[in-house]
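A look at the structure
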Amino acid sequence: MPTELTLALTVNDEPVRRLVPAHRTLLELLREDLGLTGTKHGCDVGDCGACTVLMNGHPRLACITLAADCEGAVVETIEAVARGGDLHPVQAAFDHHVAAQCGYCTPGFIITLRQLFADNPNATEEELRHALGSNLCRCTGYTKILAAARDAQAVLQSRR
Ligand code: FES
Ligand code: FES
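Residues numbered from 1 in each chain as written. Chains lettered and ligands numbered in written order. Predicted model: local features only at pLDDT ≥ 70, side-chain atom pairs only at ≥ 80, totals over all residues. Heavy atoms only, no water.

The biggest cluster of nonpolar side chains holds 24 residues, and the ones touching the most others in it are F94, L113, F117 and L128. Counting only elements with at least two residues in this core, the list comes to helix 2 (89–97), helix 3 (106–119), helix 4 (125–131) and helix 5 (143–158). With 6 residues, the top contributor of residues to this core is helix 3. Judged by nonpolar contacts, the second largest core, of 20 residues, contains L29, C51, A62 and A73. (Core = buried A, V, L, I, M, F, W, Y, C linked by side-chain atoms within 4.5 Å. Buried < 20%, exposed > 50% of the residue type's maximum accessible area, 1.4 Å probe, protein only. Helix = DSSP H or I, 4+ residues; strand = E, 2+ residues; numbered from the N terminus.)

Evaluated as defined, the whole model comprises 8 salt bridges. Residue R114 pairs with E76 through a salt bridge whose shortest N-O separation is 2.8 Å. Separated by 38 residues along the polypeptide, R114 in helix 3 and E76 in strand 5 (residues 74–76) bring together distant segments of the chain. Each of D13, E76, R83 and R114 takes part in one network of salt bridges that share partners. (Salt bridge = Lys/Arg side-chain N within 4 Å of Asp/Glu carboxyl O.)

Let's shift gears to the domain arrangement of the protein. For the protein, the assigned domains are domain 1 (4–80) and domain 2 (89–158). Centre-to-centre, using C-alpha coordinates, domain 1 lies 22 Å away from domain 2. If you look at the interface, domain 1 gives 16 residues, while domain 2 gives 13 residues. Summed over both partners, the interface of domain 1 with domain 2 buries about 1200 Å², with 60% contributed by carbon and sulfur atoms. Scanning the region where domain 1 abuts domain 2 turns up 1 salt bridge. Between the two partners, domain 1 and domain 2, sit 6 residue pairs in polar contact (both at pLDDT 80 or more). Of all the elements, strand 3 (residues 52–55) adds the most residues to the side of domain 1 that touches domain 2, at 3 residues. Along the lines of polarity and charge, the residues of the side of domain 1 that touches domain 2 split into 6 nonpolar, 7 polar and 3 charged. (Domains from an automatic or database assignment. Contact = heavy atoms within 4.5 Å. Buried area = accessible area lost by both parts, 1.4 Å probe. Polar contact = N/O pair within 3.5 Å; in protein donor to acceptor, adjacent residues only side chain to side chain. Nonpolar A, V, L, I, M, F, W, Y, C, P; charged D, E, K, R; others polar.)

Structure follows, in structure tokens:
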């Protein structure tokens, strides 16, 4: 078994090529090798959702994803969500509703919600809550997060 491998993938529209240890996680690659610290390191065992990124258009927990499994993948992190200095409607709604306190969970929530509304613009309340089931927040009590999510969904629907 090789102990290192050369990995090629796309991160936030940029090609990345790196020699990585075979046991390196995607989260370590993003935060430690690429300096993309917006993706948070929480539980490290796939329970909290703080490390959620998009991989090939689907939410993925970076802490339990081996970098080696990302060969050829397209990865998007929170750093790519605001474009040209403009907040994404989900980000703007979090700001408006003060839906972050410590903020540690926020990138994961925003990545999850952004993709939910891209895939399912008319997501029901049940679908919304189900999608957020793997994102934990210890501070807000979720009320403001859900209010922000509903507002962002309405803004995105009005743009269609
Ligand atoms: S840090 Fe990945 S799920 Fe908690
Ligand atoms: S705002 Fe602190 S964990 Fe969610």
